[in-house]
Amino acid sequence: MNRQPWRGLTLALMLGASACAIAPAACAQTSAAPPAARPWLNPKLDADTRADLALKAMTQDEKLTVIFGYFGADMGAKYKRVAEALPGSAGYVPGIERLGIPAQFQTDAGVGVATQGGEPKKRERTALPSGMATTATWNPELAQAGGAMIGSEARASGFNVMLAGGVNLVREPRNGRNFEYGGEDPWLAGKMVGAQIKGIQSNAIVSTIKHYALNGQETGRFVLDAKIGEADARTSDLLAFQFAMEDSDPHSVMCAYNRVNGDYACENDFLLNKVLKQDWGYKSYVMSDWGATHSSAKAVNAGLDQESAGDAFDKQPFFRGPLKDALAKGEVSQARLDDMARRVLRGLFASGVVEKPVKIAAIDYAAHAKVTRADAEEGVVLLKNDKGLLPLVASAKKIAVIGGHADVGVLSGGGSSQVYPIGGRAVQGEGPASWPGPMIYFPSSPLKALKARLPGADIQFADGKDKTAAAKLAAGADVVLVFATQWNGESFDSPLTLENGQDALIDAVASANAETVVVLETGGPVLMPWLSKVGGVVEAWYPGSEGGEAIARVLTGEVDASGRLPVTFPASLDQLPRPTLDGDPNKPDDLFAVDYTIEGAAVGYKWFDKKGHQPLFPFGHGLSYTTFAYDNLKAEAKGGALTVSFDVKNTGKRTGKAVPQIYVSPKAGGWEAPQRLAAFKKVELTPGASTKVTLTVDPRLLATWDEKAHGWSVAAGAYTVSLGASSRDTVAKADVTVAARALPVGLMKP
Ligand code: BGC
């Protein structure tokens, strides 16, 4: 496995300089003005007015202070963090004490409060399941509750900026960071990631939606040029951002490492100025990813407002001395510098953190464990259950549990989002010891959790290292559970093949006993050469701090299996738009392009539908322990709004959760693919119970991007509305005629 070096740490300037040396305004011992003289501290005023007032009171040095961030973690002998940053943190931006503007303390990321690399004393915190797992719940309420929980831990850990809300679409199933994101569909990803950001920001802190945009693979991420047409970008990746932002109003946006159509994302006028700020009217600030600032004037004029970790990761601290030079030369206007500082202030005021400063506080880990467990268990996807091996029945007297360190814990994803678990690491010495490692198993054992729930069963464990011994144990069991893991992380992409002989292990075990269920802990899709030999497959993703409990609850049927795939599982690499991944991980500096014009906006299932490929498991797929019937599908288009209603009934014997999905297709064609996900809803039903579900379709999901009109346009005509249990399992169809409609380019409030 090839991994790219740690984010391109250049140490351009650093080595010993402190924030005070570089930004004297931040550290000057100024006496604070009395509140009456600081009207921007009045929370009754709106964030824009407050930002304007504060800006007027700022000196030039103070403006330059709030737009420049420092890295927050020591990197051995190479780099020493500024003293003011919280240890092992992602970053720090000085505050302006005399104006009552707090410093910004930044932490990663979407699964919880992380600790950065070199820090010997790790911050141990609650970890949510991966973003992919949370998205697999198809339950925005859980995503919001999870966000609220990790946001509260960020606040209680002294952080007021959480670098969370990864909404890059899965264009590439091998992308090592897919586990951080919200799957392959703009509506699903937008709804789920938006809900998480909303939850985080409910703690009066900033959440940073990222990585804007088209950061679709890790190989060559610092240089690659994503090629895509405007209409395709607007109908796919940008639309996911748009939906998430409409629901959550994130107080910051992080631009990505890669280039888009020639320009780096953090100096991309089209992405930052035109789309984000003009078209969408975004008023708060854009921060760069760590090492993603490449210039002063170009970046500033293209719309970048704050340089992150500029002392450590960029070739120069572009937003300090070089920016002053650019201002002096007239390459950057004073008005633009004012705009940058105003946007940062606005984000802070809008978040509420100015009147509610963060402070270290006790964390209720027991309560938080319940939040992450609920998320994890609803994210578990039952992919196959042909023999009805699940839920495990009390009559299964002998159960063999094999592999995946299931005796001690569950896997998590690597890189900057890594949360260190309470109770320490369950497995030592596997995977790389440093970036993008370490490889961490959270100490929540599926084996122990199963034993606690099945006291009458004889449950034996084999670590799976010896295939023959594992097959022997399997042969004598009533049911076999094989745990298989794939470690993914930031800075490298992964093949879709399980490593370390796990495919051969599963094959050997299933050959010894066909009553075998495979439990996967992976970042995203994997190939399954053994699929026809096993009785069941469960995708548990990276299930977080309480993963072992969550898996056991689903396997034993304590709760229904109610996750659904947020991503297509391909049957082979040939089915992908790019069967061979672009770029060479061994040549991280060589420029290359990734041609997203191949699939355009037909990402994931849309590509599979368009090409007629049969996936291994389709988008939206997931089985339940009960059965559901659907009836009375009705689609009505009135005043340009499409409303769909139907009845769902639990026809089985157990309480369960259905995830009815609405797909729409224009009869005349003309979209990027035959159908789009247009709405969904998770509903819990007791046996025999039924409910009527009514869903309104976002009009942009019926529209195409109209370049001439610079807006969305819904074509008049006949559309088919399909109700499905997955993108490939349609249970009912209805026809509807929709009137033509033009929609604005800007953000629409939900
Ligand atoms: C990642 C970001 C992260 C930042 C700070 C970068 O390497 O791409 O997602 O927020 O580091 O840790």
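Residues numbered from 1 in each chain as written. Predicted model: local features only at pLDDT ≥ 70, side-chain atom pairs only at ≥ 80, totals over all residues. Heavy atoms only, no water.

Participant: Would you explain the overall build of the chain in this entry?
Facilitator: Of regular secondary structure, the chain possesses 19 helices and 31 strands. Here the C-alpha coordinates of the chain stretch approximately 75 × 60 × 50 Å along the principal axes. The buried share of the chain, taken over its 750 residues, is 64%. Counting only contacts in the chain whose residues sit at least 6 apart along the sequence, the fraction spanning at least 24 positions is 76%. About 24700 Å² of surface is accessible on the chain, with carbon and sulfur atoms providing 52% of the total. (Helix = DSSP H or I, 4+ residues; strand = E, 2+ residues; numbered from the N terminus. Buried < 20%, exposed > 50% of the residue type's maximum accessible area, 1.4 Å probe, protein only. Contact = heavy atoms within 4.5 Å. Areas by Shrake-Rupley, 256 points an atom, 1.4 Å probe, with all protein chains shown as cover.)

Participant: What exactly am I supposed to notice about the packing of aromatic side chains here?
Facilitator: Aromatic ring pairs are defined here through the distance separating the ring centres and the angle between the ring planes. Per the counting criterion, the structure on display carries 18 aromatic pairs. Grouped by ring-pair contacts, the aromatic residues Trp138, Tyr605, Phe619, Tyr663 and Phe680 constitute a single cluster. The lysine or arginine in question, arginine 171, covers the ring of tyrosine 596, its NZ or CZ lying 4.8 Å from the ring centre. Against the face of tryptophan 671 rests arginine 676, its NZ or CZ located 3.8 Å from the ring centre. (Phe/Tyr/Trp six-rings, centres within 6.5 Å; stacked < 30°, edge-to-face > 60°. Lys NZ or Arg CZ within 6 Å of the ring centre and 35° of its normal.)

Participant: Can you help me understand the sheet that holds strand β11 (residues 381–385) in this one?
Facilitator: In any sheet, the strands associate via hydrogen bonds between backbone groups, in a parallel or an antiparallel arrangement. As summarised here, the arrangement of the six strands in space is β11-β18-β17-β16-β12-β15, forming an open sheet in which the pairing is mixed. Each end of this open sheet is capped by a strand with a single partner; those strands are β11 and β15 (458–462). Across this sheet, the average inter-strand angle for adjacent strands is 15 degrees, counted without regard to direction. Of the pairings in the sheet, the one linking strand β12 (residues 398–402) to strand β16 (residues 479–485) comprises four bridges and is parallel in character. If you follow isoleucine 399 over to β16, its bridge partner there is valine 479. The sheet contacts of helix α17 (residues 502–512) involve β12, β16 and β17 (516–521), and relative to β16 the element is tilted by about 175 degrees. (Pairing = 2+ DSSP bridges. Axes fitted to C-alpha atoms, helices over the stretch in contact; angles between N-to-C directions.)

Participant: What should I look at first to understand the sheet that holds strand β7 (residues 252–255) in this one?
Facilitator: On the basis of which strands lie adjacent, the open sheet formed by seven strands has the order β1-β2-β3-β4-β5-β7-β10 and mixed pairing. Edge strands, defined here as strands with exactly one partner in the open sheet, are β1 (70–72) and β10 (285–288). Relative to strand β5 (residues 206–212), strand β4 (residues 161–162) runs parallel, the two sharing two bridges. When the sheet's bridge partners are listed, methionine 162 is paired in β5 with serine 207. Where helix α7 (residues 186–201) meets the sheet, its contacts fall on β4 and β5, and the angle it forms with β5 comes to roughly 150 degrees. Against the sheet, helix α9 (residues 237–248) contacts β5 and β7, and its axis sits at roughly 170 degrees relative to β5.

Participant: Hey, could you run me through the domain arrangement of the chain in this one?
Facilitator: Taken domain by domain, the chain holds domain 1 (11–351), domain 2 (380–559) and domain 3 (626–743). Measuring from the centre of the C-alpha atoms in domain 1 to the corresponding centre in domain 2 gives 36 Å. Contacts between the two partners involve 32 residues from domain 1 and, on the opposite side, 31 residues from domain 2. Both faces considered, domain 1 and domain 2 share a buried interface measuring about 2400 Å² in area, 57% of it formed by carbon and sulfur atoms. Together, Glu124, Arg174 and Phe179 form the three largest contributors to the area buried by domain 1 at its contact with domain 2, with a combined 22%. Applying the counting rule to domain 1 against domain 2 returns two salt bridges. In this structure, glutamate 490 and arginine 177 form a salt bridge, with 3.4 Å as the shortest nitrogen-oxygen distance. At the surface where domain 1 touches domain 2, the tally comes to 13 residue pairs in polar contact (both at pLDDT 80 or more). The residue makeup of the side of domain 1 that touches domain 2, split by class, is twelve nonpolar, ten polar and ten charged. (Domains from an automatic or database assignment. Buried area = accessible area lost by both parts, 1.4 Å probe. Salt bridge = Lys/Arg side-chain N within 4 Å of Asp/Glu carboxyl O. Polar contact = N/O pair within 3.5 Å; in protein donor to acceptor, adjacent residues only side chain to side chain. Nonpolar A, V, L, I, M, F, W, Y, C, P; charged D, E, K, R; others polar.)

Participant: Is there a simple way to think about the packing of α7 against α9 in this case?
Facilitator: Between two packed helices, both the angle of their axes relative to each other and the distance between the axes serve to describe the pair. With their axes 7 Å apart at the nearest point, α7 and α9 run at an angle of 35 degrees to one another. Pair α7 / α9 crosses with right-handed handedness. Only Leu239, Ala240, Phe243, Ala244, Asp247 and Ser248 of α9 make contact with α7, whose side of the interface consists of Pro186, Trp187, Gly190, Lys191, Gly194, Ile197, Lys198 and Gln201. In terms of residue class, the contact of α7 with α9 is made up of seven nonpolar, four polar and three charged. (Left-handed = near helix turned anticlockwise from the far one by under 90°.)

Participant: Before we go on, may I ask you to explain the packing of helix α6 (residues 140–156) against helix α14 (residues 365–379) in this structure?
Facilitator: At a minimum axis separation of 10 Å, α6 and α14 run at an interaxial angle of 145 degrees. Crossing of α6 over α14 shows left-handed handedness. Taking contact as the criterion, the partners of Leu142, Ala145, Gly146, Met149, Ser152 and Glu153 in α6 are, on α14, Tyr365, His368, Val371, Thr372, Ala374, Asp375 and Glu378. Class assignment of the residues belonging to the contact of α6 with α14 gives a composition of six nonpolar, four polar and three charged.

Participant: Quick question: what am I supposed to make of the state of the cysteines here?
Facilitator: Put plainly, two cysteines are in a disulfide when a covalent bond ties their sulfur atoms together. Per the stated rule, a full pass over the model turns up one disulfide. Each disulfide pairs two cysteine sulfurs, and for cysteine 255 the partner residue is cysteine 266, the sulfurs being separated by 2.1 Å. Here the S-S torsion is close to 110 degrees, and the disulfide linking cysteine 255 with cysteine 266 is therefore right-handed. A residue pair is termed long-range when its members are at least 10 positions apart, and cysteine 255 in strand β7 and cysteine 266 in the loop between β9 (263–264) and α10 (269–279) qualify at eleven residues. (Disulfide = S-S within 2.5 Å.)

Participant: Explanation requested: the side chain of serine 665 in the structure shown.
Facilitator: Among the secondary structure elements, serine 665 is positioned in strand β23 (residues 661–666). Of note is the side chain of serine 665, whose polar atom sits 3.3 Å from the backbone oxygen of proline 674. Dropping the residues within four chain positions of it, serine 665 is found in contact with Trp671, Pro674, Gln675, Tyr719 and Thr720.

Participant: What's the story with unusual backbone geometry in this structure? I'm lost.
Facilitator: Negative phi values dominate among residues other than glycine, just as trans dominates among peptide bonds. Omega for the bond connecting tyrosine 212 with alanine 213 falls within 30 degrees of zero, at 0 degrees, which places this linkage in the cis form. Here the amide bond leading from glycine 437 into proline 438 is cis, since omega sits at 0 degrees, within 30 degrees of zero. Mapped onto the fold, proline 438 is located in the loop between β13 (410–411) and β14 (441–442). A positive phi is found at aspartate 249, a non-glycine position, where the angle reads about 45 degrees. Residue placement: aspartate 249 occurs in the loop between α9 and β7. Overall, the relative accessible area of 37% leaves aspartate 249 in the partly exposed class.

Participant: Help me understand the pairing of strand β29 (residues 717–724) in this model?
Facilitator: On a regular strand, each side chain points to the face opposite its neighbour's, so the side chains alternate between the two faces of the sheet. Buried residues dominate β29, accounting for six of its eight residues. As paired elements, β23 and β29 share six bridges and run antiparallel to each other. Residue pairing across strands places glutamine 661 opposite glycine 724, the latter belonging to β29. Here β29 runs beside strand β30 (residues 730–738); their pairing, made up of eight bridges, is antiparallel. Across the sheet, residue threonine 720 finds its bridge partner in β30, namely aspartate 735. Counting the residues between successive antiparallel strands, the hairpin from β29 to β30 contains five residues.

Participant: Please explain the pattern of salt bridges as it appears in this structure.
Facilitator: If the charged atoms of two oppositely charged side chains come close together, the side chains can form a pair. Across all of its chains, the model carries 47 salt bridges by this definition. Put simply, aspartate 108 and lysine 210 hold a salt bridge, and the shortest N to O gap is 3.5 Å. With a gap of 102 residues between them, aspartate 108 in the loop between β3 (104–107) and α5 (131–136) and lysine 210 in strand β5 connect regions that are remote in the sequence. Across this residue pair, the class does not change: aspartate 108 and lysine 210 are buried. Two residues, aspartate 263 and lysine 298, come together in a salt bridge whose shortest N-O distance is 2.7 Å.

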